[in-house]
Amino acid sequence: QVQLVEAGGGLVQAGGSLRLSCAASGLTFRNYAMGWFRQAPGKEREFVAAISVSGAYAYNTDSVKGRFNISRDNDKNTVYLQMNSLTPGDTAVYFCAARNGPVPTSNAWNRYNYWGQGTQVTVSS
């Protein structure tokens, strides 16, 4: 049974930082590209960042470039999202996702096979 368990969310003031983690089990982690998505109330789930199976290739959506960084540790079966300079616009539930194979050419959420339950990030002004 595949499980993705996010942690690290919480309440932070604008300008602050958080580090999210997502621990995977039940799959061969090094064979899966990993992604982070977020969903704010009343909005659709949106892509945040993705990283390749080896970690050599990673990219973010434009709205978080220069502020967020995705990384992974294949020995620990864990993917991370370091979030700096947070703004109230970053408030959302953050989900990690796993895709068997390379990073998809599309950022669509349905390109991923497995999902975590999400962790709430709230940024106060």
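The rules we used
- All residue numbers refer to position in the chain's written sequence, counted from 1.
- Note on the predicted model: pLDDT of at least 70 is required for a residue's local features to be given, and 80 or more for side-chain atom pairs to be given and counted; whole-chain, interface and lining totals, by contrast, use all residues.
- Water and hydrogen atoms play no part in the side-chain values, which are based on all heavy atoms of the structure.
- Here, the term disulfide refers to a pair of cysteine sulfur atoms separated by no more than 2.5 Å.
- Numbering of helices and strands runs from the N terminus, with a helix taken as a DSSP run of H or I at least four residues long and a strand as a DSSP run of E at least two residues long.
- The rule is simple: take the accessible area with a 1.4 Å probe, protein chains only, and divide by the maximum for that residue type; under 20% is buried, over 50% is exposed, in between is partly exposed.
- The pairing criterion for strands is at least two bridges between them, as found by DSSP.
- Lines are fitted to the C-alpha atoms to define the axes, a helix being fitted only along its stretch in contact, and any angle between axes, read from their N-to-C directions, falls within 0 to 180 degrees.

S.K.: In this structure, what is going on with the state of the cysteines? I would like to understand it.
M.R.: Within this structure, the stated rule accounts for 1 disulfide. Disulfide partner of cysteine 22: cysteine 96, at an S-S distance of 2.0 Å. Every disulfide takes its handedness from the sign of the S-S torsion; for cysteine 22 and cysteine 96 that torsion is 45°, giving right-handed. Of the two residues, cysteine 22 is situated in strand E3 (residues 18–25) and cysteine 96 in strand E9 (residues 92–100); the sequence distance between them amounts to 74 residues. With relative accessibility at 0%, the residue cysteine 96 sits in the buried group.

S.K.: How should the sheet that holds strand E8 (residues 78–83) be read in this particular structure?
M.R.: Working definition: the strands of a sheet are paired by backbone hydrogen bonds and lie parallel or antiparallel to each other. Read from one edge to the other, the open sheet built from 4 strands follows the order E1-E3-E8-E7, with strand pairing classed as antiparallel. Bordering the open sheet on either side are strand E1 (3–7) and strand E7 (68–73), each of which pairs with just one other strand. Within this sheet the neighbouring strands show an average axis-to-axis angle of 15°, counted without direction. Note that E7 and E8 share 6 bridges and pair antiparallel. In the sheet register, isoleucine 70 faces E8, and the bridge partner there is leucine 81.

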